[in-house]
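Architecture at a glance
Each chain, letter by letter, is given below.
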Amino acid sequence: MKLKTLSIVTMAGALGLAGCANPDVYSGDVYSGSAAKQAQSVTYGTVVSVRPVTIQAGDENPNLIGTVGGGVVGGMLGSQVGGGSGRSLATAAGAIAGAMVGSRAEDKINQVSAVELEIRTDSGEHLVVVQKADRTWQPGQRVRMVGSGGNMSVAPM
């Protein structure tokens, strides 16, 4: 009984931490700590097209919390079924099914609504920047792009 209570508390804590993921890092208004106090290039341009997309966050530890947590809960539920070798099979099946459900749930939790902005710079170059959909963008809108390469954000002028 003590192990069951400890497992439930552990699972609740793990799911709570999963909810703490910060999707704001994908916003054009948020800078990483390493970008602070660094010189950034600024480019100006015009939005050519806007397309809604989804950012799948959490790539650094893909589905670890959901898979493990789901497996623990599924195994606990499975262990409540049957007896003897049937209980062992139910526990294993519950753990596998729980891990699969937990992994899918974490995938959904880690999705961030975003926009793909195609921008024609004033020098004639076309760029595409993807960032969190935290404001409305319109084709023809003037913008400024801060940064370069893999670290660029777009802001309205």
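For the structure, see preceding data.
Residues numbered from 1 in each chain as written. Predicted model: local features only at pLDDT ≥ 70, side-chain atom pairs only at ≥ 80, totals over all residues. Heavy atoms only, no water.

**Some thoughts on the overall build of the protein chain**
Using the following cut-off: The secondary structure listing takes helices from DSSP runs of H or I that are at least 4 residues long and strands from runs of E that are at least 2 residues long, numbered from the N terminus. Exposure classes here rest on a 1.4 Å probe applied to the protein chains alone. A residue is buried below 20% of its type maximum, exposed above 50%, and partly exposed in between. Note on definitions: a residue-residue contact is assigned when non-hydrogen atoms from the two residues lie within 4.5 Å. Using a 1.4 Å probe, the Shrake-Rupley method yields the accessible areas, and only the shown protein chains count as cover for residues.
Scanning the protein chain from terminus to terminus reveals 3 helices and 5 strands. Counted from the first residue to the last, the protein chain has its helices and strands arranged as α-β-α-α-β-β-β-β. For the protein chain, the proportion of its 157 residues judged to be buried stands at 31%. Counted over contacts in the protein chain with a minimum sequence separation of 6, partners at least 24 positions apart contribute 68%. As presented, the protein chain carries roughly 9700 Å² of accessible surface, and 60% of it is formed by carbon and sulfur atoms.

**Let's talk about the sheet that holds strand β4 (residues 142-148)**
Operational definition: Pairing between strands requires that DSSP locate at least two bridges from one strand to the other. Angles run from 0 to 180 degrees between N-to-C directions of axes, and those axes are lines fitted to C-alpha atoms, restricted for helices to the stretch in contact.
Within the open sheet, the 5 strands sit side by side as β3-β2-β1-β4-β5. Their pairing is antiparallel. Of all strands in the sheet, those with a lone pairing partner are β3 (126-132) and β5 (151-156), marking the two edges. Ignoring strand direction, the axes of neighbouring strands in this sheet form an average angle of 35°. Both strand β1 (residues 42-56) and β4 contribute to a ladder of 5 bridges, which runs antiparallel. Looking across to β4, one finds that Y44 is bridged to R144.

**A look at the pairing of β1**
Bridging between β1 and strand β2 (residues 111-121) involves 11 bridges; their strand directions are antiparallel. Looking at β2, one finds that V50 is bridged to L117.

**Here we look at the pattern of salt bridges**
Side-chain pairing between opposite charges can occur once the charged atoms of the two side chains come close. So the rule is basically this: We count a salt bridge whenever a side-chain nitrogen from Lys or Arg sits within 4 Å of a carboxyl oxygen from Asp or Glu.
If you walk through the whole model with that rule in mind, you get 2 salt bridges. Taking the shortest distance from any N to any O, the salt bridge between E116 and R51 comes out at 3.0 Å. In this pair, E116 sits in strand β2 while R51 sits in strand β1, placing the two residues 65 residues apart along the sequence. Assessed through its relative accessible area of 22%, E116 is described here as partly exposed. According to the relative accessible area criterion, R51 is partly exposed, its value standing at 44%. Close ionic contact of D122 with R142 constitutes a salt bridge, the shortest N to O distance being 2.7 Å. Of this pair, D122 sits in the loop between β2 and β3 while R142 sits in strand β4, and the two are 20 residues apart along the sequence.

**Details of the nonpolar core**
Applied cut-off: What is meant by a nonpolar core is a set of buried Ala, Val, Leu, Ile, Met, Phe, Trp, Tyr and Cys residues, joined one to another through side-chain atoms within 4.5 Å.
The biggest cluster of nonpolar side chains holds 10 residues, and these are V47, V115, L117, I119, V129, W137, V143, M145, M152 and V154. In terms of residue count, β2 provides more of this core than any other element does, 3 residues in total. Beyond its immediate chain neighbours, meaning those up to four positions away, L117 contacts S49, V50, L127, V128, V129, W137 and V154. Within the second largest apolar cluster, 5 residues are counted, among which are I55, A57, V112 and A114.

Just distances and angles here, no functional claims.
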